[in-house]
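Chain by chain, the residues run as shown.
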Amino acid sequence: MKSTKKMGLKRIILSLLFLSVVNIQAFTQKADHFHSWWVYDGNFRLHDRLSVNALYAWSRNDYVKNWQQSLTRIGLNYDHRKNLAFSGGYEWIERFPYGEQPLPRQIAIHRFYQGITLKNKIGNIGLANILRFNQEHLNGAFRYFIINQIELKIPVRLNKKNTRLSIRLAEAIFINHGKSANKNYFGQNRVYAGIDVLVNQSMGIDVGYLNQYIIKGNQLIENNHTLLVRLTHQMDVRKNRRH
């Protein structure tokens, strides 16, 4: 009798586990995509503490075949101290239907942002914590979210001279808030690993892999595998430039 009861209990537990797995699979649709992002990121120094940031990101779906997103940014950076900076600006985004869970149509988003960047060093390893507040305007309504990004930059020394090569690791968490969150507070997570190459004093190239995990609501999940290529550009346009 005891063995029969144990067998019956095991069957019930296994049945419940099976139904739970089936239920999760039935109500959660996960889509995997392969993207590439091609980015120009320029900073133009106006003052010892003030610079303009101009960025354009050409984002492609199915490697490079289709449009995913176009993002144009203009912003202002204020270096309050050596390790503390503030930023703010505007982004114009055109988002396109793509992949297995496409938008019904192409949409335009107007985004405003304010950021705080804290930097530090442990030995030769550079640390950065970037906190950014975002307000998106779409279809007459605003959506609010916060991005918290942590970065590590590890120099790679190939000889005794100063290195031009470094490894960059980063993770960014997107947190929705306000009424627009609709109880979907975790927006997305981004994890990046790549190599930074300093071409010269004013230009660098970053190449790496970015994983973008998006919780879209309505039991929809998007998991994007992305090749990220970024050209960084620094220019000093001060009138009284120091030599």
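Residues numbered from 1 in each chain as written. Predicted model: local features only at pLDDT ≥ 70, side-chain atom pairs only at ≥ 80, totals over all residues. Heavy atoms only, no water.

### Regarding the environment of E100
- As for its position among the elements, E100 is in the loop between β4 (84–95) and β5 (107–122).
- A C-alpha to C-alpha distance of 8.2 Å links E100 and D32, two positions 68 residues apart in sequence.
- E100 has contacts with K30, A31, D32 and H33, leaving out every residue within four places of it along the chain. (Helix = DSSP H or I, 4+ residues; strand = E, 2+ residues; numbered from the N terminus. Contact = heavy atoms within 4.5 Å.)

### What to know about the pattern of salt bridges
- Enumeration over the complete set of coordinates arrives at 15 salt bridges.
- Here R168 and D196 are joined by a salt bridge, their closest N and O atoms 3.4 Å apart. Of this pair, R168 sits in strand β8 (residues 165–177) while D196 sits in strand β9 (residues 186–200), placing them 28 residues apart in sequence.
- A residue is classified by how much of its surface remains accessible, and D196, at 6% relative accessible area, is buried.
- Ionic pairing is found between K216 and E222, a salt bridge with its closest N-O pair at 3.1 Å.
- Under the relative-accessibility criterion, K216 is labelled partly exposed at 33%.
- Of the residues examined, E222 reaches a relative accessible area of 2% and is grouped as buried. (Salt bridge = Lys/Arg side-chain N within 4 Å of Asp/Glu carboxyl O. Buried < 20%, exposed > 50% of the residue type's maximum accessible area, 1.4 Å probe, protein only.)

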